[in-house]
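Topology and contacts: notes
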Amino acid sequence: MIQFEINDGIKTINGKSLDLIIQTIDLSHLDLELFKKTFNKINSQQDLIEAMKSIKKDNTPTEILLYIKYLTSLSLADATEILHEII
């Protein structure tokens, strides 16, 4: 479901680099530094789940869903499936 790759020193999640994600979505309602830190930290779907579990006390389920969706470029339905593993 989620593909993590590093090509020529550039990490991508589902084919998108951090810079591309930041340029193409509105992160004004999320913590940009947390977003960057999480992007750089995760290397598997399980890492993503653990990272989202660690922030769930300070974020609403909707915010966590947006982090998942934006980090992975998944559909809302697929991101919701991952959210159910977290909450």
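Scroll up to find the structure this text is about.
Residues numbered from 1 in each chain as written. Predicted model: local features only at pLDDT ≥ 70, side-chain atom pairs only at ≥ 80, totals over all residues. Heavy atoms only, no water.

The next point concerns the packing of helix 3 (residues 45–55) against helix 5 (residues 76–86). Viewed as axis vectors pointing N to C, helix 3 and helix 5 meet at an angle of 60°, and their least axial separation amounts to 9 Å. Taken together, the axis directions place helix 3 and helix 5 in an arrangement best described as oblique. The interaxial crossing formed by helix 3 with helix 5 has right-handed handedness. Side by side, helix 3 and helix 5 meet where Q45, L48, I49, M52 and K53 of the first sit next to I82, E85 and I86 of the second. Residue composition of the contact of helix 3 with helix 5, grouped by class: five nonpolar, one polar and two charged. (Axes fitted to C-alpha atoms, helices over the stretch in contact; angles between N-to-C directions. Helix = DSSP H or I, 4+ residues; strand = E, 2+ residues; numbered from the N terminus. Parallel < 35°, antiparallel > 145°, perpendicular 65-115°, else oblique. Left-handed = near helix turned anticlockwise from the far one by under 90°. Contact = heavy atoms within 4.5 Å. Nonpolar A, V, L, I, M, F, W, Y, C, P; charged D, E, K, R; others polar.)

What follows concerns the packing of aromatic side chains. When we look at a pair of aromatic rings, we describe it by the centre distance and by the angle of the planes. Across all of its chains, the model carries one aromatic pair by this definition. Relative to Y67, the ring of F35 lies with its centre 6.4 Å away and its plane at 25°, an arrangement referred to as stacked. With F35 in helix 2 (residues 32–41) and Y67 in helix 4 (residues 61–72), this residue pair connects regions lying 32 residues apart in the sequence. For the pair shown, F35 and Y67 are each scored as buried. (Phe/Tyr/Trp six-rings, centres within 6.5 Å; stacked < 30°, edge-to-face > 60°. Buried < 20%, exposed > 50% of the residue type's maximum accessible area, 1.4 Å probe, protein only.)

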